[in-house]
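Here are the chains, one letter per residue:
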Amino acid sequence: MPEHRESIEAIQRLLGARQLVVVSNREPYVHKQERQGISVSRPAGGLVAALDPVMQAVSGTWIAWGSGDADFAVADAQGRLRVPPDDPRYALKRLPLSPDEIDGYYYGYANQALWPLFHFITERTRFRRRFWAAYKAVNARFAQAVLDELVREAVVWIHDYHLMLTPRLLRRLRPDLFLMHFWHIPWPKYDVWQICPQRMELLDGLLANDLIGFQRPRHVQAFLECVQRELPAEVDAERSTITYDGHVTYVRAFPISVDFAALDRTARSRDAVRWMARFARRFNLEGRFVAVGVDRLDYTKGIPERLRAFEALLKRAPWFRERLVYIQKSAPSRTRILTYRTLQRKVEREIARLNSAYGTTAWRPIVYLPQSLPLEGIAALYRLADLCVVSSLQDGMNLVAKEFVACRVDERGALVLSSLAGAQRELTGAIAIDPRNVEGFAAALQQALELPEEEEHQRMAQMRAYLAEHDIYHWLEQLFRAAAGLLQERPRVPALHDHVDEIERCLRDRSRLALLLDFDGTLAPIADDPDTVRLPTAVDAALRTLAASQALVVILSGRALSDIRNRVGIDHLVYAGNHGFEAAGPGWAWVHEDAARIAPVVAKAAARMRRTLRRIPGVVVEEKGLTASVHYRRAASPSHEHVRRAVEDEVQSARGVLRLTMGKRVWEIRPNVTWDKGAAARWVLERTYGEGWTAAVCAIYAGDDRTDEDAFRALGGDAITVKVGAPVPVTAARYLARNVDEVAALLARLQTWVSARR
């Protein structure tokens, strides 16, 4: 592909040494058992057409469902093989699915729930428990398949609506991965989105990505609105960023395209010319106008609407009778779903009716081609056509429109294009239609057929020039440039487990050890119900050993002091509650004076919020003496916006006495005084060791929440600071621990080192 060498080289530079893993439901090549042996084909559809040339250029690994009946006969024991078959350039890893998984995950949840939902056809949505269970299970299998294929630092590129949960599953197990997700179909407005029972879980899954790409800016805006109304997330509409659970997701529009140069070559090929001659003879096209439609047989493509417009054209412009042939190339799709079988019968009956009503012995007005054709055959149809019709009722992009333009090497032909397809914004030389307006649609068909030759040429030349510049490689390069920018901005926080030698050296060099530890999400996993959180047995044992060794162990939590002390229950520790506004150790106790003075205001605010929010199931207002928390982790997502407004109103009514901070699905109301976990951490260290503590104390602070960033900054280089959880764009911590298990492993090591030193 020499004409794309610069783009390919740029993409390779952007990837650097990182492994590229593409994950999609549909595979790029299918092997089937035929009478004469095993055949291989490339499935129809925009995703494969767009990505296969990309993977051939960049290499990597593509993970997909192995849907062909001979797929695993040609793969190795792990379902792997090299593709394309005639010139292998990248690895394909096929995932086998059982009949129940296919029925529930693919034909069920993906295509009877999500597909109609995202195309705004709510009356066709079918949400079933067994569909959802299968969807979750298969997404988990895809995530595990990705983990099995990783050999180094990687960019994992996930595609479309089939795999909305996979990013979160990967993020939990490999926080270091760069995850990006391209969304090929539309994203609905909130009034449509809210009918989905699992909408909160699906958004949670997608927001584990570092970058999400949509086809159009309007889809970006719709997605941001849904997140803002569903989740406890900070949405920055100007920057198109979402901060959720400590992770930032960037959302951008990247209109997908086609391999313009490859389609141009195919259209000029001898095979395409032979197909043109074959079609002309077979369908008696000589001297006639030709219109063409190329679609999967799907209710979103507007094929019945197209047929009605075709009939209206024959009625309003009868001089086109016997002079116009419409060729409908429709590949049957998802025929195990009743809706699709019904549509197929409807389309076939309508074509038969129109041919019977208008056809003559010498002229068949509509040619129906349900059989598969090679790329050269499709290119021949595009070249033969005087006009191509794309009448989508909703479409993320629609690559048929772009394929038609790329194949028009003669710079002739007209494109009639639905205003509801994403391509309409780019292909401005097309004649736009509202596919549901039958008379307007018919008028557009007539306009296209009667375009003056010069205007037809100008429109097509302009669209071809645009596509030649904005081809699949331009799309890919823009997307990877955005990803590379985010990777450069990503915090270069090294993994804790790779730098335990520094901690051991710190212990050797200094006579004292001080551990300052958050509780929820650091020592113990976060739970939907805060009352159910317990200290893991191994962590309990390690803390007891460390406390007995004369180490200073401080539990610094947002919980009330009495709560955290009772929950941990280990003597000789220092407990600091309410984000450090109160503390107690062996033989002493302390409360921040200003916080104590404002405590009655906090108590009244908590009481009012409890009354305001009492009717919302799952919301818990926790009054902790010096601060208050409003937990909504268990509340239904539509109520989150109401909770946020109620809490903000309460803080504003306090006229500057209170301030509001946000944690992991919790709103925190605090006294508006200059004090935080950082100030509390330094205060405890100075109280215990004096102002010169840094020379004698190896201090380690670990925490997972935003409030812990105050401590990371306050302690700076005087302590070893550890951020727990997934990487975030900005952190003041020196090291990253992926989860509570890595914190537990650190405590176990400290326990061993301290025992050895004693």
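What comes next concerns the included structure. (Residues numbered from 1 in each chain as written. Predicted model: local features only at pLDDT ≥ 70, side-chain atom pairs only at ≥ 80, totals over all residues. Heavy atoms only, no water.)

**Section: helix 4 (residues 129–149)**
Given 3.6 residues to a turn, an α-helix orients residues that are three or four positions apart in the same direction. Between its terminal C-alpha atoms helix 4 stretches 31 Å, which fits the 30 Å expected from 21 residues at 1.5 Å a residue. Here helix 4 has its buried residues at Phe131, Trp132, Ala134, Tyr135, Val138, Asn139, Phe142, Ala143, Ala145, Val146 and Glu149. (Helix = DSSP H or I, 4+ residues; strand = E, 2+ residues; numbered from the N terminus. Expected span 1.5 Å × (residues − 1). Buried < 20%, exposed > 50% of the residue type's maximum accessible area, 1.4 Å probe, protein only.)

**Some thoughts on the state of the cysteines**
Applying the stated rule across the entire model yields one disulfide. Sulfur-sulfur distance for the disulfide between Cys506 and Cys698 comes to 2.3 Å. As the torsion about the S-S bond is roughly 130°, the Cys506-Cys698 disulfide counts as right-handed. Pair noted here: Cys506 is in helix 18 (residues 500–509) and Cys698 is in strand 28 (residues 697–703), with a separation of 192 residues, a long-range link. In this structure, Cys506 and Cys698 share a single accessibility class: buried. Lacking any disulfide linkage, Cys226 is separated from the closest cysteine sulfur, that of Cys196, by 10 Å. (Disulfide = S-S within 2.5 Å.)

**Overview of the packing of helix 9 (residues 260–268) against helix 16 (residues 453–469)**
Relative to each other, helix 9 and helix 16 sit at 125°, their axes nearing to 8 Å. Of the possible angle classes, the one that applies to helix 9 and helix 16 is oblique. Where helix 9 approaches helix 16, its residues Phe260, Asp264 and Arg268 are matched on the opposing element by Arg464, Leu467 and Ala468. Across the contact of helix 9 with helix 16, the residue classes tally to three nonpolar, no polar and three charged. (Axes fitted to C-alpha atoms, helices over the stretch in contact; angles between N-to-C directions. Parallel < 35°, antiparallel > 145°, perpendicular 65-115°, else oblique. Contact = heavy atoms within 4.5 Å. Nonpolar A, V, L, I, M, F, W, Y, C, P; charged D, E, K, R; others polar.)

**As for the sheet that holds strand 14 (residues 324–331)**
Sheet architecture is open: six strands sit in the order 15-14-13-16-17-18, paired in parallel fashion. Each end of this open sheet is capped by a strand with a single partner; those strands are strand 15 (366–369) and strand 18 (431–433). Here the average twist between neighbouring strands, direction ignored, is 20°. Where strand 16 (residues 387–390) lies against strand 17 (residues 414–418), four bridges are found, and the strand directions are parallel. The partner of Cys388 across the bridge, within strand 17, is Leu415. Packing of helix 13 (residues 375–384) onto the sheet brings it into contact with strand 13 (289–296), strand 14, strand 15 and strand 16, and relative to strand 13 it is tilted by some 140°. (Pairing = 2+ DSSP bridges.)

**Some details on the packing of aromatic side chains**
Tallied over the full model, the rule gives 33 aromatic pairs. An angle of 20° between the planes, with centres 6.0 Å apart, marks the rings of Trp132 and Tyr135 as stacked. Linking Trp132 with Tyr135, this pair stays in helix 4, spanning three residues, or about one helical turn. You'll find Trp132 and Tyr135 in the same group, each marked buried. Between Phe289 and Phe320, the aromatic rings sit 5.6 Å apart at their centres with planes inclined by 75°, giving edge-to-face as the arrangement. Of this pair, Phe289 sits in strand 13 while Phe320 is found in the loop between helix 11 (303–316) and strand 14, placing the two residues 31 residues apart along the sequence. (Phe/Tyr/Trp six-rings, centres within 6.5 Å; stacked < 30°, edge-to-face > 60°.)

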